[in-house]
Every structure is written in structure tokens, then in C-alpha cells.
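Residue strings, one per chain:
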Amino acid sequence: MVEQERIQKQRVTRPTESAPEVPVDTSKGEQLKADLDDLLDEIDEVLEENAEEFVRNYVQKGGE
Amino acid sequence: MAIAKVIGIETEFGIAGGPDQDPIIASSVIVNAYAQRGLTHINWDFEGETPGVDARGIAGLTAFAPIVETQLANTVLANGARLYVDHAHPEYSSPECRTPLEAVRFDAAGEVVLRRAQDFANDTLEPAQAITIYKNNSDGKGNSYGCHENYLVARSVEFADLVRALVPHFVSRQIVVGAGKVGAEGESGHLARPAFQVSQRAEFFEEVVGLETTLKRPIINTRDEPHGDAERFRRLHVIIGDANLSQYATAVKLGATALLLAALEDQGLRGFPAAPRDPVRAVRIFAADPTIATAVDCVDGRTRTAWDFQDELWTLADRYVSEHGGGAVAEPDEVRFILDQWREMLDGVRDDPDAVADRVDWVAKKRIVDGYRERYGLGADDARLRAIDLQYHDLRPGRSLAARVGLRRLADDDAVESAILEPPASTRAYFRGQCVKRFPGAIAAANWDSVVFDLGDGPLQRVPMPDPLRGTAELTAHLFETNSTAIDLLSALGG
């Protein structure tokens, strides 16, 4: 076998679950998206101004 | 019954800035800044440090015994923790804790200690020399530093069984407790360079079992340094973990591992899933696939995804608790909480990641990275995405993204504050912390398993603490109440 790994989309329901019909709660999904949008709106004020330089200058020595 | 799973968690923090941009100097400045505020000045005692002793009983020919550095800043805090310079990083090693949630509090206390030390240091430095600290594990350029866990295990457990039981867990738990990373930095071998990885640390692991922590890092570390009675105890030293900003992730990381260790001690290898044929490859493959769909071949002929491993391990832990109770790990309510959160977070990363973005670090980070990239149409290698990654871990309140993503907390500010000032009550850390707090002038040094007193005349007096479960509040609080001086305390102890 050339490739050991395979892509599997497993959606096995565990036997102990009764798989109840859950109505899709769209309001929760919308709230999550709104929260993320709010964060993305303000994120530029939080991020370092020169991302390129900030990332380049962050060099560590290995530890442990 | 399994012995109590005493837990410690130690974090090497990333550090930038400082005089001459030298990380060793910056780390010393941080530790000294905290000490100079009178918050600690007790020296660490290196007696008993044997990081080169191998649990397999053989000295590996490729093994470099870790070097204990004695000249760098090294202190003990009143909460029983150790704050010191390790290589080129400031490190906070939590005191020994009796339960996972207690360890979460003392880990969170460490974050606050480092944040305060950062502020104290920067008060004395020019703005251009300001020091910044990150609770992460990689610089994105191939350099990694650790977040290690320690668990008390009965010496009677065979080391080979620890390896057999824990490899499946350590390769797969990252999908629940990984801290996430933008891009890849190591040699990802046959893998296409992933845009996002589930874990900070995964790609730095090169061996299954070994003694090293800085070169050829192993999934299972064999350091045999019990910091206690070696006849009775092992201290399992776990180096394959990410530093978490999510307190829920820390709780599940520690709690799940402790439950699996208790299960191994009480019922042997029954129920543990077979290991991957190539564990090192599995760690990396699982890290590089945020869809968590990739399966690997196992030694029993089956294939498993990381989720499959975790599902089997959760089922094993759940059964163990229903048959034996989880008393070795915590009280029943806390054990149930750990199991429920582990289950929810595991199912969440597969079925509805948004629902666990308030608890799973890599999911929380990935949402911001993806959202920002999509909003501005950025390429996967844009520096701004790497800046987001770095600033997720930033300890500065004004720059921290972890503080802005809505992570749920387990320890509120008051609980964390008391964990800075007071040691845990149910381990020997209580005795150490109380001594440091009450008699700082009479203590020459302290370490995990002893406190050394200097009473001014005569020889130094060492109080040994070979049992992590003694020296507790229950056993020693009355000694501190009735003895107001170190001399009286030592007399009462029979010294």
C-alpha cells in the first residue's frame, strides 16, 4: 500500500446515543458570527502595526 | 486503588525584547523583577535533581543528560511554585496539585505572575527595551519550548505499559487540547505544508520513547526523576503538550491523562486502543489536518482517526470511573465535569467546532485566522496571520487575542489571586509554600522534596518531603498555627 492514511469522513453515532431530533438553532450560529465580526472589526487596533517586522523579530532559543 | 494523581504543570514562556534583545538576560530580568518586589527571594535547591536518569534503566547511547543550570535566577514562590530561568526562557512550574481543576488555578496563577513580572520589569526599562512574554511553544522558525505535565504514578506500573497505554492518547489528544498554529516550520516530510495545524508542538517530535527534551524529542519521555521516594513513585514527565490559554483545555488535558493513568494502574491495559504503526508520523499527520478526518494504520490492523483514538480512550475512562470511581483523580463531581467536557469538546471539534470555540484553543484561533484572511483576501502565508497566531498567546492585556475570543473560564480573578498567595492544601506544596511565606529569612533554599533552613548558627537543616501527599494542610496546618518561628517549627518537627 503506498499511502498509509486514508481520508475518512466518519460519522458513526455512538451506540449509547439516542440521536434526538434537534431543531437547528440558527440564532446561535448568527450570534457566533456576529461576535467574530465584532472581533475582526477591532482586531487591527490590537495587532502590532508592522506585522511583518513583528513576526520576523520573534526568534526564540529552543528550551526545555 | 490507584495512588492519587498528583499533578504539576510547567510552562516555558516565549520572551522578546529586553537589554540587547538577549533572551537569557530578559528572562533573568523578569525573574529578578518579581523577586525584587519582595514576592520571592528563596533560592532553589538543586539537591536531588537527576534529569539524566532514564526510567528504562539504561543510559541511551544517544542520550545527552540535560544540564542543570545553577547560576541563573531561580526562586520559590509562596504558593509553592518555582519561578526561574530555564535555558533562555522564564519558566513557571506550578506547585504539586491534588486535582486537575486545582492545577488549572495554579497554572492561571502562573500567567498572572509572569504578566506582573513583565510589568515590574518594564517599569525599569527604556520603552525600546520593553519585554513581552508569550504563553506559546514555538517561534514559527523551528524553535520550540515546552509546556510539561507531571503525574504521580505508582512505581509498580511497568514503564513499558505506560508507553503502550499513553502513545495512542498523546498522538491524538491534540485535536481536543491543541493550541493551534499558523503554517509549518519543521520538515513536514511527505506532507504538503499545512496552512494551519492543530498543535504548536506536534511537528517537533521525532522519537516514540527517549530521554531528551531538546533534541530528538520523544512522545514518551523517560526521565526518571521522581522528586520523591523512588521505591514507591514515578513522576511521569510529559513533554508532548501545548501551553493552553483555554482553562477548559488545560482541565481536560490534565484530567483525561490523569484518569487514563489511574485506569492503567487499577485495571492494566484492558481497553486501551492499539497504537499507530508509526506514532511519530501519526502525531504530525493528525496535527496537519484540522478537518480531523485522516486515519492511520494501527498495530491491530485497524485504521483510526485521532477522533477514534480519543473516543475509545474516553469510553475506557468513563467505564473506569463507573467501575472504580475516579477518587485517584478528584471528587466525583469534578471527575464527572472532566469526562463531560472531554466528551463535549471531542464531539464538538468533529460535529460543530463553533460550539466549542469557547473552550478549544485551536478552534478559537483558527476562527480568527480564517475570518481575517477571508475578510481581506489574504494569502495563507501573510505575516498578519502569523501575527494573529503570536498575539493569541500574548500576555499583554492590550495585545492578547485569547482574551478577546470569549474563552470560558474555570477560575475567576479571586480564585487565581488566592492561588498566587497560598499553596494548594492537599500536597507537600502546602508545607513548602507556608515555610516560604512565613519564614523567608530562615530558609536557605527549597526544592520539590525538601526545605533547607538556616537558623543562623549551626549547620543547615534539611526537612525532607519524600511523599508528595504529606506536608498537607491537614497534617501540618496546626504546626504553623502553634509555632511562630522557624526554630519552634523545627523543634516541633523533631529536628
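Residues numbered from 1 in each chain as written. Chains lettered and ligands numbered in written order. Predicted model: local features only at pLDDT ≥ 70, side-chain atom pairs only at ≥ 80, totals over all residues. Heavy atoms only, no water.

Draft legend 1. Broad picture of the overall build of chain A. Of regular secondary structure, chain A possesses two helices and one strand. For chain A, the N- to C-terminal ordering of α and β elements is β-α-α. For chain A, the residues scored as buried account for 27% of the 64 residues in total. Accessible surface, chain A as shown: approximately 5000 Å² in total, 51% of it carbon and sulfur. (Helix = DSSP H or I, 4+ residues; strand = E, 2+ residues; numbered from the N terminus. Buried < 20%, exposed > 50% of the residue type's maximum accessible area, 1.4 Å probe, protein only. Areas by Shrake-Rupley, 256 points an atom, 1.4 Å probe, with all protein chains shown as cover.)

Draft legend 2. Molecular detail of the pattern of salt bridges. If you walk through the whole model with that rule in mind, you get 41 salt bridges over all chains. A salt bridge links Arg270 of chain B to Glu323 of chain B; its shortest N-O distance comes to 3.8 Å. Of this pair, Arg270 of chain B sits in the loop between helix 5 (247-267) and helix 6 (279-287) while Glu323 of chain B sits in helix 7 (residues 306-324), and the two are 53 residues apart along the sequence. Among the salt bridges present, the one from Arg384 of chain B reaches Asp382 of chain B, with a minimum N-O distance of 3.0 Å. Note on Asp382 of chain B: relative accessible area 18%, which makes it buried. Through salt bridges that share partners, Lys33, Asp37 and Asp41 of chain A together with Arg375 of chain B make up one connected network. (Salt bridge = Lys/Arg side-chain N within 4 Å of Asp/Glu carboxyl O.)

Draft legend 3. Molecular detail of the interface of chain B and chain A. Contacts between the two partners involve 62 residues from chain B, matched on the other side by 40 residues from chain A. Around 4300 Å² of area is buried between chain B and chain A when both sides are counted, 52% of it from carbon and sulfur atoms. In this structure, Arg399 of chain B and Glu48 of chain A form a salt bridge, with 3.8 Å as the shortest nitrogen-oxygen distance. If you look at where chain B meets chain A, you find 18 residue pairs in polar contact (both at pLDDT 80 or more). The element contributing the most residues to the side of chain B that touches chain A is helix 10 (residues 383-392) of chain B, with seven residues. (Contact = heavy atoms within 4.5 Å. Buried area = accessible area lost by both parts, 1.4 Å probe. Polar contact = N/O pair within 3.5 Å; in protein donor to acceptor, adjacent residues only side chain to side chain.)

Draft legend 4. View of the environment of Asp161 of chain B. Residue and element names in this part refer to chain B. The topology assignment puts Asp161 in helix 3 (residues 159-172). Classification of Asp161 by relative accessible area gives partly exposed; the value is 28%. Between the C-alpha atoms of Asp161 and Glu265, which are 104 residues apart in sequence, the distance is 9.6 Å. When neighbours within four sequence positions are excluded, Asp161 is seen to be in contact with Leu264 and Leu269.

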